[in-house]
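Coordinate analysis (summary)
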Amino acid sequence: MRTDTPPTIYRKDYAAPSYLVDTVDMGFDLTPARTLVATRIVMRRNPASSEQDIVLYGEEIELLQLRLNGKTLHARDYRLDGGILRIPRAPQDSTLEIETALRPDHNTSLMGLYVSNGNFFTQCEAEGFRKITYFPDRPDVMARYTVMLRADKKTCPVLLSNGNLIEQGELPDGRHYAKWEDPFKKPSYLFALVAGNLVCQEESFRLKSGREVLLQVWVEHGNLDKTQHAMDSLKNSIRWDEERFGLELDLDRFMIVAVGDFNMGAMENKGLNIFNTKFVLANPRIATDIDYANIEAVVGHEYFHNWTGNRVTCRDWFQLSLKEGLTVFRDQEFSADMIGTESGRAVKRIDDVRVLRQAQFPEDAGPMAHPVRPDSFVEINNFYTVTVYEKGAEVVRMYQTLLGRDGFRKGMDLYFARHDGQAVACDDFRAAMADANQRDLQQFERWYSQAGTPRVAVTMAYDAAAKTVELTLRQSCPPTPGQTEKLPFHIPVAIGLLDAKGRDIVLQAEGGKGKGAITRVLELTQAVQTFHFSGISERPVPSLLRGFSAPVVLEYSYSDAELAFLMAHDSDAFNRWEAGQRLAMRRLLTLTHAVQEARQAGHVVAVESVLNNVLQDTALTDALRITLNDKKLDPAFRELVLTLPSETMIAEQMEVIDPQAIHTARQFLRRSLAQALRSDLEAIYKANRSKGPYHPDAASSGKRALQNVVLSYLAELDDEAVHALAQKQCDNANNMTDRLAALAALTNSHAEDKQDALADFYAEFEDEALVIDKWFTLQATARTTDVDAVRALTQHLAFTLKNPNRARSLIFSFCNGNPSAFHATDGSGYAFWSEQVIALNSINPQVAARLARSLDRWRKYAPALQEKMRAALQKIADAPNLSRDVAEVVTKSLAH
Ligand code: TRP
Ligand code: ZN
């Protein structure tokens, strides 16, 4: 907790560490109320640094003892100030012995060493190791670790750390010990220990090389019936990295541990990945299809970090996307390959792009906008963002689009050949990609240095006599905080041209020989550039930015008819979906403006009839009906087409956001579609109902997704027949996906007994924390919910702010997932929000700072709402004991 303004750290100030560390030996005496840590650090001066002081970081720990080369240091021998311990002019070779004491049971920040449900866990990324001992806690200091754990044998029968178990045994007083050695050098952020009463599922697994490794998934007692999917995902991940990238598991033992109190998704500690239970535990009774898919993705993500993050790590935290963007790209490719089919890959791609547009585009346009490789930060925890992760993954994907799969693989191989065992920068990755392919990727650097989402505006000119097409592309990028002028990006724009029958035209680039292609990747590098195509005998419809080949906003003035045409014919599945989204967005914006006008004119009651007039044309309904009934299309794909752009996405399209009008318009369109398509929907519902035992595979989950989106449309009709249908699905479901979808339909309806359904659900799953999270979320996001209802739920026995999953399930879900209720015109949502941020601030700053971002876009609202949002932000800014995390977010929000 701070008293003065926290300093800003700049990328340009990077300096090599003054000392390098060879070995670290640690001994832990674990007790919840007082844990003692003894650390021996063998270090030597770094020839690359002119500094001669040893610089160590420490936070919220008691320093009991400090010895340098065997001699005790006294207060006069070092300086300890603001979490930095400096030993001036230390010897060339220095061995430090440090003893510290900590209180894991009082650690609610969940960084460093903490207790969750009686067990000990650590979380050291980014700067948590300094809450365990004084250390040069920065990622470019890599060392070999040996760890001795001692604890009570009854309460802590299991003692785990990184690497290999080399010794264990008994100690007096009912205690025991285990000694672990990690054969690989690593930065301190990858250190981990787990101690407690846990059980594991384990399997021996044979690598392609023939070597046998031990795989374990550790959970609390009673959860061994929920580990199989995580284990399967781990084995698939190991296999996939061998096959796709030639990367082998480098340890004899690989462990995953699940913990219920965790700030984020999971953590890639070397050989000892620690996971949020949400991304490990699954069986059909408690987990949805989305949970199953997320578990596969996160297990893959953490496993893939073993090479992209651990073997090659980051020089400093500004380079975070070096490991995160690359590893997200790898987990996206893994998930796509696991589905296998071409249409399955498209579905996965659409899902990923939806996340980008829903969360990253707004971030890139708001007060916290930052480049993929930021130039400065106050608190690094605030930069584990969708920009660093998801936009970072898009940047990596663009290399693959520009260089091809094989070229990308060559770049990866060179990257590891050059940098294994090193801490490097984003520029090193780009250089490996360029050098391995003899390509100039200078300009590509701007994807790392410039924030903001580029726009690419396209116009097409067709010359019937000459049979040529000219596509002119204009790029621009809006200003972001601290960056007003932007230079042109290097943008791969994949395009195709469709003939009147909807078939792909084979494209010859002008003057081009060689084989034609139906999709060409145009490389846009100038502000304005024209591309020519010849031999085009009719005016085509362009299919632009196929597969979403770059993280940009693509503008082209399609007619409604052209969009319907693309929806029906484009061979690029992503763009088929995209055309439907464009058409839907067009209607949604028209309807939203109609609501606003009707409201202004005082026609509150007449809004419906105004809307009905607006919806006279049936282009959208007709196009959706065709897609819905096209049996050749994957159910999963049809579900995506049927899903309208979210209220948040609509908001991003408006000059001034009007949450109530957006909500009214979107609901109206959903209800109108349900009415118009009722018989089609009912038929599809019947045809896709799940039968037989549950399987989470892509084909079956796609069917459930379609069935359940159809149910949600039918539920808009809110009549007794539909209530009965939902109730029946709720009662008969043999899996959580169908159960939850039915309960959601009831919760959003005016069904008489919906309270009973909610109560039954609670009673049945009282002991399953992850399901109770779903129960809270369902209510937080229900259309019938308001601030008072959410406030009442905070008083529920099962609610606590201390558990991040629970806080997210209710508070975050309401503030970020229920815009029309959160933005209640009286400002009551904002008042609630600021209370919760302030309460969380003193429990868990990292989680508090995430919630503090809910009003990022406050300047985009009407003045009356803006004023109330500003006041709520100011209330937080004025609160006492504000953490660095929250302070940075609200300060930047108020400033921009
Ligand atoms: N490196 C982790 C990942 O992406 C995420 C992570 C960073 C994290 N800091 C954390 C997780 C703090 C939990 C708490 O996989
Ligand atoms: Zn990661």
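Above this text you will find the structure in question.
Below or above, wherever it landed, is the structure these notes cover. (Residues numbered from 1 in each chain as written. Chains lettered and ligands numbered in written order. Predicted model: local features only at pLDDT ≥ 70, side-chain atom pairs only at ≥ 80, totals over all residues. Heavy atoms only, no water.)

**Focus on the overall build of the protein**
The condition is simple: Helix numbers and strand numbers start at the N terminus; a helix is a DSSP run of H or I with at least 4 residues, a strand a run of E with at least 2. For each residue, the accessible area found with a 1.4 Å probe, counting protein chains only, is set against the maximum for its type, and the residue is called buried under 20%, exposed over 50%, and partly exposed in between. For the purpose of charge, His is not counted, nor are the chain termini; Lys and Arg are scored as positive and Asp and Glu as negative. Where a charge lies is defined by one atom per residue type, namely NZ (Lys), CZ (Arg), CG (Asp) and CD (Glu).
A tally of helices and strands in the protein yields 27 helices and 32 strands. Oriented by its inertia axes, the alpha-carbon framework of the protein measures out at about 85 × 70 × 60 Å. Here the protein, with 896 residues, has 59% of them falling under the buried criterion. In the protein, 103 side chains carry a positive charge and 118 a negative one; their mean positions are 3 Å apart.

**Some remarks on the coordination of the zinc ion (ligand 2)**
This is how the line gets drawn: Each metal's donors are the N, O and S atoms found within 2.8 Å of it, except that Na, K and Ca use a 3.2 Å limit; water is left out, so coordination can look incomplete. All geometry calls rest on donor angles, where a four-donor set with angles between 85 and 135 degrees is tetrahedral, four- and six-donor sets with opposite donors more than 155 degrees apart and all others between 65 and 115 are square planar and octahedral, and all else is irregular.
With distances of 1.9 to 2.8 Å, the protein atoms coordinating the zinc ion (ligand 2) are H301 (NE2), H305 (NE2), E324 (OE) and E324 (OE). Coordination at the zinc ion (ligand 2) comes from six donor atoms whose angles at the metal span 45 to 161°, giving a geometry best classed as irregular. One chain supplies every donor to the zinc ion (ligand 2), and in sequence these donors are spaced H-x3-H-x18-E. For the pair formed by H301 and H305, the shared burial category is buried.

**Thoughts on the sheet that holds strand β7 (residues 79-81)**
Two orientations exist for strands paired in a sheet by backbone hydrogen bonds: parallel and antiparallel. Worth spelling out the cut-off: Any two strands with at least two DSSP-identified bridges between them are counted as paired. Axis definition: a line fitted to C-alpha atoms, over the contacting stretch in the case of helices. Angles run 0 to 180 degrees between N-to-C directions.
Reading across the sheet, the three strands line up as β4-β8-β7 and stay open at both edges, with antiparallel pairing between neighbours. With partners counted over all chains shown, the strands left at the sheet margins are β4 (54-57) and β7, one partner each. Averaged over all adjacent pairs, the angle separating strand axes in this sheet is 15°, with direction ignored. Strand direction decides the pairing type here: β7 and strand β8 (residues 84-87), joined by three bridges, are antiparallel. Within the sheet, the bridge partner assigned to R79 lies in β8 and is R86.

**Notes on the sheet that holds strand β28 (residues 491-498)**
The three strands lie next to each other as β29-β28-β31, forming an open sheet whose pairing is antiparallel. Here the strands that pair on one side only, and so sit at the sheet edges, are β29 (520-524) and β31 (541-544). For this sheet, the mean inter-axis angle between neighbouring strands, taken without regard to orientation, is 35°. Of the pairings in the sheet, the one linking β28 to β31 comprises four bridges and is antiparallel in character. Paired with L498 across the strands is V541, a residue of β31.

**Section: the side chain of E647**
Let me state the cut-off plainly: What counts as a salt bridge is simple: a side-chain nitrogen of Lys or Arg found within 4 Å of a carboxyl oxygen of Asp or Glu. Working rule for contacts: check all heavy atoms of both residues, and any pair within 4.5 Å makes them a contact.
Considering the arrangement of structural elements, one finds E647 in helix α13 (residues 647-652). For the buried E647, which has no salt bridge, the nearest side chain bearing the opposite charge is R666, at an N-O separation of 4.7 Å. Setting aside residues no more than four positions away along its own chain, E647 makes contact with I662, H663, R666, P819 and S820.

**Remarks on the site of ligand 1**
So the rule is basically this: Proximity is defined per residue: if any heavy atom of the residue lies within 4 Å of a molecule or strand, that residue is considered near it. Here a polar contact means two N or O atoms within 3.5 Å. Within protein one must be a hydrogen donor candidate and the other an acceptor candidate, and residues neighboring in sequence count only if both atoms are side-chain atoms. What sets the accessible areas is the Shrake-Rupley method with a 1.4 Å probe; for residues, cover comes only from the shown protein chains. Here the nonpolar group is Ala, Val, Leu, Ile, Met, Phe, Trp, Tyr, Cys and Pro; Asp, Glu, Lys and Arg are the charged ones; every other residue, Gly included, is treated as polar.
With respect to spatial proximity, 16 residues lie near ligand 1, and among them E125, E268, E302, E324 and Y389 are the closest. A distance of 2.8 Å is found between a nitrogen atom of ligand 1 and a side-chain nitrogen or oxygen belonging to E268. Here E324 contributes a side-chain N or O atom positioned 3.1 Å from an oxygen atom of ligand 1. Compared with its free state, where it exposes 370 Å², ligand 1 has 97% of that area covered by protein. Contributions of two or more residues to the shell around ligand 1 are made by β21 (266-267), α2 (289-304) and α3 (320-339). Partitioned by chemical class, the residues of the shell around ligand 1 number six nonpolar, five polar and five charged.

**A word on the pairing of strand β18 (residues 198-206)**
Bridge count for β18 against strand β19 (residues 212-220) is nine bridges, and the pairing is antiparallel. Bridging from a neighbouring strand, V199 pairs with V219 of β19. Where β18 hands over to β19, the hairpin turn is made up of five residues, of which G210 adopts a positive phi near 100°.

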